[in-house]
Every structure is written in C-alpha cells, then in structure tokens.
Amino acid sequence: MKRITIAKGDGIGPEIMDATLSILKASGVALEYDEIEIGEKAYLSGNTTGIPAEAWDSIRKNKVLLKAPITTPQGGGYKSLNVTMRKTLGLYANVRPCKSLPPYVDTKHPELDLVVIRENEEDLYAGIEHQQTDEVVQCLKLISRPGCEKIVRYAFEYAKAYGHKKVTCFSKDNIMKQTDGLFHQVFDEIAAEYPEIEKEHWIIDIATAKLADTPEHFDVIVTLNLYGDIISDVAAQIAGSVGLAGSSNIGETVAMFEAIHGSAPDIAGKKIANPSGLLQGAILMLKHIGESEAAEKIQNAWLKTIEEGIHTGDIYEDGVSVKKVNTSEFAEAVVANLGQKPTKFKAASYPRDIKMNLPKAVRKPLRKKDLVGVDLFVHWSGTDANKIGALLEKLNLENVKLQMITNRGVKVWPNGFKETFCTDHWRCRWYADEGFTMTNKDINTLMQNAIDQNIDVIKTENLYNFDGQKAFSLGQGQ
Ligand code: NAD
C-alpha cells in the first residue's frame, strides 16, 4: 500500500478532490492518504508561506503530493505557495501534457498532442530584483549548468520512457548568448546521448508563433522557466483544455501533482466544477509511482466519458454534448466506465515499469578562471556620454583602462551616436591590458578612485575568461 499526501485546497478544491479520490478508489489502486491543510487558512492564520510545518513533514515523508488548487489571498505579504514548494523541495521539472479532444472539446488544432517540460527553479524566477538608480530597476536571470543538465536530461529520459519521437528546445540564445546559450549548449550535449530521438532547436519567438499555428509539429518541448510558463499556457489554451489539464512538478526525491487551473472561487460550493484537471494530475501521479495500469484504466474511462458526451457545464455544448452533469455525477460516470476503452478517441496505453535514468548532479572539476576586467555600474544623471567618459577615464589604473560605456546595453562611449537615448544607469567597462594579470585588488583600487572622484558606483560585475574563452557579453555596437 503506497501512502501519499493530499491537500484539498480552497474554492472548488475539496469538491474536485473528493471526486478524484472516488475515482481512484473505484479503480482499485492501493493508496492510503495523509491529508494536509495548506493555502488560504494557513495564510490567514499568519503563515506567510501558506504551508504549516506539519504539512512539510508529511510531504517530505511520503514524497508524493496530490494538490488541489489554493487561493492566494489578495494583498501584499503572501508568498506564492507553488513557487515556495517548487524551490524548497527542488521540484525542477514542470511537466504539462496537452492534447486536443475534438470534437468534444472545442479547438482549432485537432492534431495537437505535445508535452511541455519547463525548467522550474531558475531563470528570472529567482526573484532577485533591485532598484539601482532613480530610473532603472533590474531582475537577475540566473541559469546554472546543473539546472540545465537536470531538465534537459529529464526531457530526453521522459521522451524515451513514453515513446516520444522528438525533443525540441526553445531558447533565445541569439540574444542571451551566456544564459540561453548555456541551455542550448547543454541541450546539444545531452541530445547527442540519445541518437534514437530526433532533436531540434527553435528561437522562442518564432517557436511560439509556430506552436500557436501548427502545434502538431511539436512532440516534447523543453525550455527555460519563463518561456515554459508562457508556452505551456499557450499550448493548453489552444488545445481547448485549460480546465482539463494536469501537470506534475518533479524533483529528485519529492513530486507534486495538480490541475493547471485555479480555485475558481466564482463557482466554489456549487458542486458544478469539472474534476478533470485534478484527475489528469492524479493520472500523472499514478504513472510516477509505478501504477501505470491503474493510470491507463482511469484515463480510458475518462476518455470514454468525454466521448459519450457526459460533460460538466464548463465544456457542455448543445449539439455536441449529450448530458450536463455536476461534479459527482461526472465522477460516477467515469467510475461506471472503468474497465472500458474509448472507441472514438485513441485508447491510452502506458508503458509499465517506467524507468528513467536521472543521475544526481555532480560538481565538475574547476575550470581555469582569469580576471580580465570589471564592469562598474554607475548612477549618473547627466546625459552626455562624452562627459561621463572623461570623468571616468580619471579612474584608470596603469594597466586597467576604461574600454567602453554602455547605456541599457548599447555602446555610447567612445564614439556613441547622439540618437541613442540614455538613462541614468551607465555600465562602464575597465579592461586589463594584453598580458596583464588582474586581481581583485585592482578592482578595489578602481573603487577607491571612484569614491575619491565622487562617482556613485551601484554595482560591480567581474569579467572572466574561463579556460581562455571570454565568458561575458560584449556591448551592443562594441
Ligand atoms: P481559475 O482557474 O480559478 O478560474 C478561471 C475561470 O475558469 C473561472 O471562471 C472558473 O470558474 C473557471 N474554472 C476553473 N477551473 C474550473 C473547473 N475545474 N471547472 C469549471 N470551471 C473552472 O483562475 P483565477 O480566477 O484567475 O484564480 C482564482 C484563484 O486561484 C486565485 O486565488 C489564484 O491565485 C488561484 N490559483 C491557484 C492555482 C494553483 O493552486 N495551482 C493556479 C492558478 C490560480
């Protein structure tokens, strides 16, 4: 008997959880449940994360959480429970299968059948933001090699385990050569280990357009956190299934499964909500814990119920649907279909004994790292780049000299264009002379010179070569 943790959540959460559990029970799968209380009540009792200590204990003990949607109270101070849970438990992979169900669920893309695998812990979602000058705020985009390796490996292992033919990487490495460039590079490295799987890379903008236009081109998509957040909603929406889709959040030890929709407070308590999204989350969970047979049985009963036209109000359509049902009636219809297969949809068939080879991240040997320069970010409210250039050249050291100044990434000194708009935020690059070995002491001296000249330095960023290769971006126009 496998024991899992469940959270009934807020709004329609308890209604759709009860319906889902009744289907799991009727399927005969051997599960026991520990219930935790997370979400609105915990938030309002003063817990800013929405997760009490005993809830953490249960999740960490059972390692599997089936979670109904929760309501994040309005107003400041409440942290997103999902983000806290993903990051604290290391749930690095967000997996969202999207499939059209024509003609029962309205879609312009009847052939859509894809899986979005989104990196879940890094990128701009580290939430490291600062106001640096009167005019400029910054958000740090952090991408790590182990982070890229884990998610890309997961995508290929998932494709292999579930018989997918192709994995496509989406990134914007034509612009972000370091961060997205690393993601793409790791994708190429790991893809080479899976010769049986087709692989391709698309730039995120045209990729999203292609996805919205011809989603059948894609099979498994792997991408960074922000792009994944956006394109997984695009994919679910054009499949017509935002209310019907589930997702999983997978970590090295713990995994969480849920519906992709929210707590729908507008229909809470009316007992009319569609439990399909959470049921799809539960099916992903069953596959994850090795209960593929039960997962397949429930999925086929669900597909049969949908094709019979037994629909909750959110997808009910005159002429297509046959019977409008409430939450528990829908669950009863699925239970009645357990053991049957759909005849109009392709029946689900899941591999048994799914094994994925997901080694733990291991730190690689240190690379040779040489300090070759430093960027000083300066708050200066003038507008003439030549003036700030002349001011800052006074900071030069014998062997470390001002090389260029950019404003929002565009080179404005030396030889800038007067057309370039300048804010009060200047990135000023000092570069070591060829053959000179720079140290952090040189940066200290530069900083002291800046203080002596009343220059307002708001941040510094060291410039390194790793194994002799430049590991920083050039200025635009440099
Ligand atoms: P929502 O998904 O709850 O609702 C959007 C619309 O879809 C509503 O009209 C709702 O009635 C309908 N809907 C959603 N699920 C349905 C279902 N199963 N059956 C029938 N109709 C359904 O989005 P929202 O209104 O933006 O958010 C409400 C609350 O949910 C907010 O507090 C938000 O923070 C929270 N939320 C939680 C999660 C989560 O826990 N994973 C995700 C998204 C939103």
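Since this is a predicted model, take the numbers as computed values, not measurements. (Residues numbered from 1 in each chain as written. Predicted model: local features only at pLDDT ≥ 70, side-chain atom pairs only at ≥ 80, totals over all residues. Heavy atoms only, no water.)

**Points about the environment of Gly46**
Relative to the helices and strands, Gly46 resides in the loop between helix H2 (40-44) and helix H3 (53-62). Each C-alpha atom of the pair Gly46 and Tyr78 lies 9.4 Å from the other, and the pair is 32 residues apart in sequence. (Helix = DSSP H or I, 4+ residues; strand = E, 2+ residues; numbered from the N terminus.)

**A short note on empty space enclosed by the protein**
One pass over the full model with this rule turns up one cavity of 30 Å³ or more. If you trace the largest cavity, you find it lined by Val83, Arg86, Lys87, Arg118, Asn120, Tyr125 and Asn225. In terms of residue count, the dominant contributor to the lining of the largest cavity is helix H4 (residues 81-88) (three residues). For the lining of the largest cavity, the class distribution of residues is two nonpolar, two polar and three charged. Among the domains, domain 1 (1-91 + 240-351) and domain 2 (108-239) are the pair contributing at least three residues each to the lining of the largest cavity. (1 Å grid on protein atoms, 1.4 Å probe; cavity = no way out; pocket = protein on both sides within 12 Å on 5 of 7 lines; lining within 4 Å. Points joined across faces, edges and corners; volume = space filled by probe spheres on them. Nonpolar A, V, L, I, M, F, W, Y, C, P; charged D, E, K, R; others polar. Domains from an automatic or database assignment.)

**Focus on the sheet that holds strand E1 (residues 2-7)**
In a beta sheet, neighbouring strands pair by backbone hydrogen bonds and run either parallel or antiparallel. Strand order in this open sheet of 10 strands is E2-E1-E3-E12-E11-E4-E5-E10-E8-E9, and the pairing throughout is mixed. Edge positions in the open sheet fall to strand E2 (31-36) and strand E9 (198-203), since each of these has one partner strand only. Strand-to-strand twist in this sheet, taken as the mean axis angle between neighbours without regard to direction, amounts to 25°. Sheet analysis places strand E4 (residues 93-99) next to strand E5 (residues 113-119), joined by seven bridges and oriented antiparallel. Bridge pairing links Ala93 to Glu119 in E5. On the sheet, helix H6 (residues 179-191) packs against strand E8 (166-171), E9 and strand E10 (220-223) and is oriented at approximately 165° with respect to E8. On the sheet, helix H7 (residues 204-213) packs against E5, E8, E9 and E10 and is oriented at approximately 110° with respect to E9. (Pairing = 2+ DSSP bridges. Axes fitted to C-alpha atoms, helices over the stretch in contact; angles between N-to-C directions. Contact = heavy atoms within 4.5 Å.)

**Regarding the domain arrangement of the protein**
Segmentation of the protein into domains returns domain 1 (1-91 + 240-351), domain 2 (108-239) and domain 3 (369-470). Distance from the C-alpha centre of domain 1 to the C-alpha centre of domain 2: 25 Å. Contacts between the two partners involve 13 residues from domain 1 and, on the opposite side, 13 residues from domain 2. The contact between domain 1 and domain 2 buries some 1100 Å² in all, and 48% of this surface belongs to carbon and sulfur atoms. When residues of domain 1 are sorted by the area they lose upon contact with domain 2, Arg86, Lys87 and Gly240 head the list and together hold 36% of the total. At the surface where domain 1 touches domain 2, the tally comes to zero salt bridges. Linking domain 1 to domain 2 there are seven residue pairs in polar contact (both at pLDDT 80 or more). Of all the elements in the fold, those that place two or more residues in the side of domain 1 that touches domain 2 are H4 and strand E11 (246-250). The residue makeup of the side of domain 1 that touches domain 2, split by class, is five nonpolar, four polar and four charged. (Buried area = accessible area lost by both parts, 1.4 Å probe. Salt bridge = Lys/Arg side-chain N within 4 Å of Asp/Glu carboxyl O. Polar contact = N/O pair within 3.5 Å; in protein donor to acceptor, adjacent residues only side chain to side chain.)

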